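# Observations on chain architecture
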Amino acid sequence: MINTNYFDSRALRFTDSYGQRFMRSGTYHYHLIPAGAREMVADRPFTIETVESPKEHTMDQHTVLVNHESHAFRPDKPKLKIRVGDLIMWSCRQQSVPPFEVVGDQEFFGSASLVNECGYAHAFSAAGEYSWVDIFGSGLSGVIRVHDPKCQNKDDLAKWRQMLKKGTLVMIADGKAKPAEVEIVIGQTVYFAVVKTDGISITDRRLVNDSTKKS
Amino acid sequence: MSLTEAEHIFGGIHEDGLNDFLRAILTTRPHYLNYGSPGFVPATTVAATQMPTIPFPGVPGGIDWAVHLDIPVIDLHPKTLSLPPELSLGPGQVSVRTTVQLCFDCRRKPIKDEKPKNDREEPPRGEAKGPCFKVEVFAIGHLERTYSLDGDALVVVVDDVELVDIEPNELESVIECLLLQILRAVLADIRLPLRALRVDAFTLTLTRGPEVEDDQVKVYGNV
Amino acid sequence: MSEITIAIDENAADKVFDTAIGLIPTQSASGSGSLGPFVASYSASASFAPGDVDLIAPGTIRISDFILNWNLSFSFGIDLSDILPDFCIPQVCIDIPCVGEVCTPEICIDWPTVSIPVSFGDFLKATADFGIAITQTGGNWKVEALVLGVPSLQFGATTAALLAAIGMAITPVLLAVPFIGPFLAIVVNAILIGIGIAGITGFLGPILTPFVSGMRIEIYKQPVNFQVLSAAGPTDPAVFITLDAVNAFITSDTEDELVLTVDIS
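Residues numbered from 1 in each chain as written. Chains lettered and ligands numbered in written order. Predicted model: local features only at pLDDT ≥ 70, side-chain atom pairs only at ≥ 80, totals over all residues.

## Notes on the overall build of chain A
When helices and strands are counted, chain A shows two helices and 16 strands. Taking 215 residues into account, the globule formula puts the C-alpha radius of gyration at 17 Å, and chain A, at 18 Å, falls close to it. Out of the 215 residues in chain A, the part that is buried amounts to 40%. Excluding contacts between residues fewer than 6 apart, the proportion of contacts in chain A whose partners are at least 24 apart in sequence is 71%. (Helix = DSSP H or I, 4+ residues; strand = E, 2+ residues; numbered from the N terminus. Rg over C-alpha atoms; globule rule 2.2 N^0.38 Å. Buried ≥ 20, exposed ≤ 12 C-beta atoms within 10 Å, placed from the backbone. Contact = placed C-beta atoms within 7 Å.)

## Here we look at helix H1 (residues 15–28) of chain B
Here H1 of chain B spans 20 Å end to end across 14 residues, near enough to the 20 Å set by a 1.5 Å rise per residue. All of the buried residues along H1 of chain B are Glu15, Gly17, Leu18, Asp20, Phe21, Leu22, Ala24 and Ile25 of chain B. (Expected span 1.5 Å × (residues − 1).)

## Remarks on the domain arrangement of chain A
All names here are of chain A. For chain A, the assigned domains read domain 1 (7–112) and domain 2 (114–215). Computed over C-alpha atoms only, the centres of domain 1 and domain 2 are separated by 21 Å. If you look at the interface, domain 1 gives 14 residues, while domain 2 gives 16 residues. The class makeup of the residues in the side of domain 1 that touches domain 2 is four nonpolar, five polar and five charged. (Domains from an automatic or database assignment. Nonpolar A, V, L, I, M, F, W, Y, C, P; charged D, E, K, R; others polar.)

## Remarks on the environment of Leu175 of chain C
Looking at the secondary structure, you find Leu175 of chain C in helix H2 (residues 158–175). Between the alpha carbons of Leu175 of chain C and Val150 of chain C there is a distance of 42 Å; along the sequence they are 25 residues apart.

## Some points on the interface of chain A and chain C
Size of an interface: often given as the accessible area lost when the parts come together. Contacts between the two partners involve 39 residues from chain A and, on the opposite side, 25 residues from chain C. Only strand E1 (16–21), strand E4 (61–69), strand E7 (87–91), strand E9 (114–123), helix H1 (154–163) and strand E15 (189–200) of chain A provide two or more residues apiece to the side of chain A that touches chain C. Residue classes in the side of chain A that touches chain C are distributed as 20 nonpolar, 15 polar and four charged.

## What about the arrangement of the chains?
The interface with the most contacts, out of two pairs of chains in contact, is the one formed by chains B and C. Without any contact between them, chain A and chain B keep their closest C-alpha atoms 56 Å apart.

## Side note on the interface of chain C and chain B
Across the contact, 35 residues belong to chain C and 33 residues belong to chain B. If you list the elements that add at least two residues to the side of chain C that touches chain B, you get strand E1 (4–9), helix H1 (10–22), strand E12 (216–223), strand E13 (225–229), strand E14 (239–252) and strand E15 (256–264) of chain C. No other element matches the six residues that E1 of chain C contributes to the side of chain C that touches chain B. For the side of chain C that touches chain B, a count of residues per class yields 21 nonpolar, seven polar and seven charged. With five bridges connecting them, strand E1 (residues 9–14) of chain B and E1 of chain C associate as antiparallel partners. Bridge assignment links Gly12 of chain B to a residue of E1 of chain C, and that residue is Thr5 of chain C. (Pairing = 2+ DSSP bridges.)

## So, the packing of H2 of chain C against helix H3 (residues 184–213) of chain C
Residues and elements named next belong to chain C. At a minimum axis separation of 9 Å, H2 and H3 run at an interaxial angle of 150 degrees. If you check the angle between H2 and H3, you find them roughly antiparallel. H2 and H3 meet at a crossing whose hand is right-handed. Within the contact between the two elements, H2 uses Thr159, Ala160, Leu162, Leu163, Ile166, Gly167, Ile170, Thr171 and Leu174 and H3 uses Leu184, Val187, Val188, Ile191, Leu192, Ile195, Ile197, Ile200 and Thr201. (Axes fitted to C-alpha atoms, helices over the stretch in contact; angles between N-to-C directions. Parallel < 35°, antiparallel > 145°, perpendicular 65-115°, else oblique. Left-handed = near helix turned anticlockwise from the far one by under 90°.)

## What about the sheet that holds strand E16 (residues 203–204) of chain A?
Residues and elements named next belong to chain A. The four strands lie next to each other as E14-E11-E10-E16, forming an open sheet whose pairing is mixed. Edge positions in the sheet fall to strand E14 (181–185) and E16, since each of these pairs with one other strand and no more. Strand direction decides the pairing type here: strand E10 (residues 128–133) and E16, joined by two bridges, are antiparallel. Counterpart to Trp132 in the pairing with E16 is Asp204.

## With respect to the sheet that holds strand E11 (residues 216–222) of chain B
The pairing of strands in a sheet happens through backbone hydrogen bonds and is either parallel or antiparallel. What the seven strands build is an open sheet, ordered E10(B)-E11(B)-E1(B)-E1(C)-E15(C)-E14(C)-E13(C); its pairing is antiparallel. Either end of the sheet is taken by a strand with one partner, and the two such strands are strand E10 (205–213) of chain B together with E13 of chain C. Between one strand and the next, the sheet's axes are offset by a mean angle of 25 degrees, whatever the strand orientation. Contacting E1 and E11 of chain B together with E1, E13, E14 and E15 of chain C, H1 of chain B runs over the sheet at an angle of about 160 degrees to E14 of chain C. Its contacts with the sheet put H1 of chain C on E1 of chain B together with E1 and E15 of chain C, and the angle it makes with E1 of chain C is roughly 90 degrees.

## Comments concerning the pairing of strand E2 (residues 26–34) of chain A
All names here are of chain A. Sheet topology places E2 next to strand E3 (residues 46–51); five bridges connect them, and they run antiparallel. Considered in E3, the bridge of Thr27 is made with Glu49. Sheet topology note: the E2/strand E8 (residues 100–104) ladder contains five bridges and is antiparallel. Across the sheet, the residue bridging to His31 is Val103, located in E8.

## Some thoughts on the confidence of the model for chain C
Low pLDDT marks regions whose predicted coordinates should not be analysed in detail. In this model, chain C carries an average pLDDT of 94, and 100% of its residues clear a pLDDT of 70 or more. Interface scoring of the predicted complex returns ipTM 0.89; its pTM is 0.80. (pLDDT = per-residue confidence, 0-100.)

## A closer look at the pairing of E3 of chain A
Residues and elements named next belong to chain A. Of the two faces of E3, only the one carrying Phe46, Ile48 and Thr50 is buried; Thr47, Glu49 and Val51 on the other face are not. Bridge count between E3 and strand E6 (residues 79–83): five bridges; the pairing is parallel. Bridge pairing in E6 places Thr47 opposite Lys79.

Here you go:
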């Protein structure tokens, strides 16, 4: 069986989302670029204006849909105004989109390195056991076991579709991932929520082994 | 009655076909029909076979001679072609009919009293002219199986020869004796490959034959 | 009367045809055909193994239970969107302690068109009647047995086996399609039902039948200018005769025989 369900928070694809909360007011600039091209692109054409929020304000989520066309990535909201504490979720739902990253003008702001008050979501598309690690060497790791529901008929499919609405949370805090091992079915989403780290990735261990072999 | 009878493969060649084969061989290789000493045949070629002269004391270079046969015609039992009354074509037999021409060089070579300088003086090559005489020859024979470069073959073996109207009888007997040997020798050299007689149709391991009947040579065998 | 007559009985004919059929080179063909609702492009090859010969006067040779060994490589495309319903992973909302609810946008899947490659081989037994064809082309006489009519081939258990092989070929291709897992059994089933035994028969028939109906069994081939004696030196050139006419037929006297007649000059 050929399993192409690789995942890497540094290289977002159509089954991924990157979420980032903005905890201080200010104007933040960012770009959407091919994964790994950060050093080659200085431009930060898109903006997020964060304004102070009243005490009773609860977190709002703003969803930014990324469009890939003519070799360029563009958010559907290039200028966004939010309140302090809000979360922005970037996703591109085009199946053919090449891997991309969100790169901001500050260290905490970027999908290539998850620092604090951020998250990475991935919907798993094939059955298997997936081991993930932090490629930056913090020692963080975990396992996602994806099961095939083996639907035989319409009823089975209907039950499975209901299960897809339920996501699974992995909290990453104090150098640990909780839970470290997760059991889901094909199509379900795992959201890795990062509280505070020095900058980590959620990277499929097979990609780390492959790159190690190549070096 | 089936053709193959108790065997599995049958091959039959009609006397007309046999004569076609003979004609093809002897037209392409006429040297089987033409023999002569150097006076008549300067060298062996496709057309003729050179033979030594007949040595005779006092005849410088020997007596030049030549024999030519017309392409023989074969008749398989039962009889189709006429034969002289002295011959009859019995079951399993073949008759052969041809015309033979015999020539001798009769240029007068002076017989001198003095010792000849060279007893082996060569006669002029190819210039001999004759005289010659032709005689029609009838023969009875049978077929035998033999071998050739092209595999199993048939050959005609002459058993008896008859000439017509040569007198005296003793002369006829002498010439018949000579022609019997010549004809036997000539036909012994002409080997008809069995595979050619069945024009290479199928393969045949011979178990019976060759048999001569119904104006055909018949062979039988297995594939 | 013909100058040369050669006859073989059924016993010999069986051996002759055994050899002749064994000498037929592997045949090949390619093209496209209908595999149920799908269009498949294929390349096929076939070879033959002998059967039993029955000579039937005046000119039919029946060969029973000869074998057609065949191999087939084909591929067909499936637009999965024709089989699967539109599918979206819905919005997923997760409650993060001390933060609040976080939701991912829905993911809608465009099912792709996939190409399924299949390789399969089998054999079948066939019985066919052959007529005798005599031709002179390219300086050669040829006597061949040619199939009469279009034979009906019986595939038997082959059709089920090929359907199973298609099922096995589909699975690894489909597994490469994201999110196909839960649908896999349904998709494979739908494809195989769509093709069905009738589809297999309808696919194989037009491919394999021409191999049989196009069978040419060479019984006799010789040059018109036939060599009687090979060359044996400078004074003995090769000797040739001309094959003027060739005929072939079957007689049934006390036994059935295949007879070849040749006239020469």
